[in-house]
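Residues per chain are reported as follows:
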Amino acid sequence: QVQLVESGGGLVQPGGSLRLSCSASGMTFGLYHMAWYRQAPGNQRELIARISRDRDISYADSVKGRFTISRDNAKSAVYLQMNSLKPEDTAVYYCKAARTTSAPGFWGQGTQVTVSS
């Protein structure tokens, strides 16, 4: 079955950087659109970055210019490089895989990112 495992979260000071990874298994990775979402306490889960199977990329305005999404089909992995982190970036970060933009897709278990001094 499809499994997505996120890693790389942690505690970082404001202005710092983290690189999240999401490793996929049980799927033909290159056929899937991949995305990163995040959910802060009391908030809805929000889409922050997506990369299509054709490598078209888009970002939420809140992270544009600071975060970079990439994928490595040979490793069945998607990454999120996060720079200039702010306290408001604190959330659980999830990756999602979907065959189409409207499909419910598959989710990982999430990784906690905390930005605090």
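Residues numbered from 1 in each chain as written. Predicted model: local features only at pLDDT ≥ 70, side-chain atom pairs only at ≥ 80, totals over all residues. Heavy atoms only, no water.

Colleague: Outline the packing of aromatic side chains, listing residues and values.
Modeller: Under the counting rule described, the total for this entry stands at 3 aromatic pairs. Between Y37 and W107, the aromatic rings sit 4.7 Å apart at their centres with planes inclined by 65°, giving edge-to-face as the arrangement. One end of the pair, Y37, is in strand 4 (residues 33-39); the other, W107, is in strand 10 (residues 106-107), and 70 residues separate them in sequence. Under the relative-accessibility criterion, Y37 is labelled buried at 14%. (Phe/Tyr/Trp six-rings, centres within 6.5 Å; stacked < 30°, edge-to-face > 60°. Helix = DSSP H or I, 4+ residues; strand = E, 2+ residues; numbered from the N terminus. Buried < 20%, exposed > 50% of the residue type's maximum accessible area, 1.4 Å probe, protein only.)

Colleague: Any details on the environment of A40? Residues and values, ideally.
Modeller: In this structure, A40 sits in the loop between strand 4 and strand 5 (46-51). Expressed as a C-alpha distance, the spacing of A40 and V92, which sit 52 residues apart in the sequence, is 6.4 Å. Setting aside its immediate chain neighbours within four residues, A40 contacts T90 and A91. (Contact = heavy atoms within 4.5 Å.)

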